[in-house]
Amino acid sequence: MEENKQVTMPRIGDPAPEFKAVTTQGEINFPADYKGSWVILFSHPADFTPVCTSEFMTFASMEEQFAKANTKLVGLSVDGLYSHIAWLRTIKEKIEYKGMKDVEVKFPLIEDITMEVAKKYGMIQPGESSTKAVRAVFVIDPKGIIRTIIYYPLSLGRNFDELYRVVIALQTADDFGIATPADWRPGDDVIVPPAGSCGTAKDRMEGKEKDVKCYDWFFCTKPIAKEKVLSTILKK
Ligand code: BEZ
């Protein structure tokens, strides 16, 4: 039986581990090459598999949408470069799926046959598979700090609208100094930080702070218009 060794994995708030790699778009030096941009570094289990194909077609179709939010995409699997190239060519030339066709994957796909990068990022999770990466997602900010980590098992395709929501919510939190509640989408009320002093908390509770609504002393929200959120994020 495989020993389930304790491994060090990057965590939220850590600098993204550095690596150099060969990709379908040439060599990259990560995260240095992405300084100033948000990046989604994500792994998939294997080329020429159905769930991964549906994911790549979906993600590639949304690349422009992520680019408008200053977010670049970087994929990885433990397959080799020629497998990546052949798979992406097959997707472009042969696969029509859910109205998507002629889909060109323009973002880099890392070859990681040694699993060096996958292991560095905790993408190999032996309880699921010791020979394939799980579906890991690392959202990394323009300073190279890991801001969100999500893992999915091999059988479960990701929701890319959710990944877009994560990117927009993180940027909104940074730009407006707020937090975002459950299921938040641009245009919904946001959570304001706790009041700094008793006086402020009391004013808030009594509705004296403009636009702030309190459900209790620890739970206050305010509106930010969708246009304001999107114009701040998408026009940077
Ligand atoms: C898939 O992408 O379809 C897949 C890959 C590895 C294991 C199971 C499913």
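Per chain, residues are indexed from 1 in the order of the written sequence. With the structure being a predicted model, the display of local features is reserved for residues of pLDDT at least 70 and the display and counting of side-chain atom pairs for 80 or more, all residues being used for whole-chain, interface and lining totals. Calculated side-chain values reflect all of the structure's heavy atoms, with hydrogen atoms and water omitted.

**Q** Could you give an account of helix H1 (residues 50–61), with specific residues and numbers?
**A** Numbering of helices and strands runs from the N terminus, with a helix taken as a DSSP run of H or I at least four residues long and a strand as a DSSP run of E at least two residues long. Residue count minus one, scaled by 1.5 Å, sets the expected span of a helix. The terminal C-alpha atoms of H1, which comprises 12 residues, lie 17 Å apart, in line with the 16 Å expected from a rise of 1.5 Å per residue. Relative accessibility thresholds used throughout: buried, under 20% of the residue-type maximum; exposed, over 50%; partly exposed, between the two (1.4 Å probe, protein chains only). Taken as a whole, H1 has its buried residues at Cys 52, Thr 53, Glu 55, Phe 56, Met 57, Phe 59 and Ala 60.

**Q** Before we move on, can you summarise the confidence of the model for the protein chain with the specific residues and values?
**A** With 96% of its residues at a pLDDT of 70 or more, the protein chain shows a mean pLDDT of 95. The spread of mean pLDDT over the elements of the protein chain runs between helix H6 (residues 198–205), the lowest at 75, and strand S5 (residues 109–111), the highest at 99. pLDDT is a per-residue confidence score from the predictor, ranging from 0 to 100.

**Q** I'd like a rundown of unusual backbone geometry, residues and numbers included.
**A** Omega for the bond connecting Phe 30 with Pro 31 falls within 30 degrees of zero, at 0°, which places this linkage in the cis form. Note on placement: Pro 31 falls in the loop between strand S2 (26–30) and strand S3 (38–43). Phi is positive for Lys 98, which is not a glycine, with a value near 50°. The topology assignment puts Lys 98 in the loop between helix H3 (81–94) and S5. Phi at Asp 211 takes a positive value of approximately 70°, unusual for a residue other than glycine. Relative to the helices and strands, Asp 211 is located in the loop between H6 and strand S9 (213–216).

**Q** Before we move on, can you summarise the domain arrangement of the protein chain with the specific residues and values?
**A** Segmentation into domains, and thus their bounds, comes from an automatic or database assignment. What the domain assignment lists for the protein chain is domain 1 (19–170) and domain 2 (177–234). Summarising the inter-unit geometry, the C-alpha centres of domain 1 and domain 2 are found 34 Å apart. Buried area is calculated as the accessible area (1.4 Å probe) missing from two parts once they are joined, with the contributions of both summed. Here domain 1 and domain 2 share an interface that buries about 640 Å² over both sides, 63% of which is from carbon and sulfur atoms. Interface area lost by domain 1 to domain 2 is led by Arg 165, Ile 168 and Ala 169, which between them contribute 70%.

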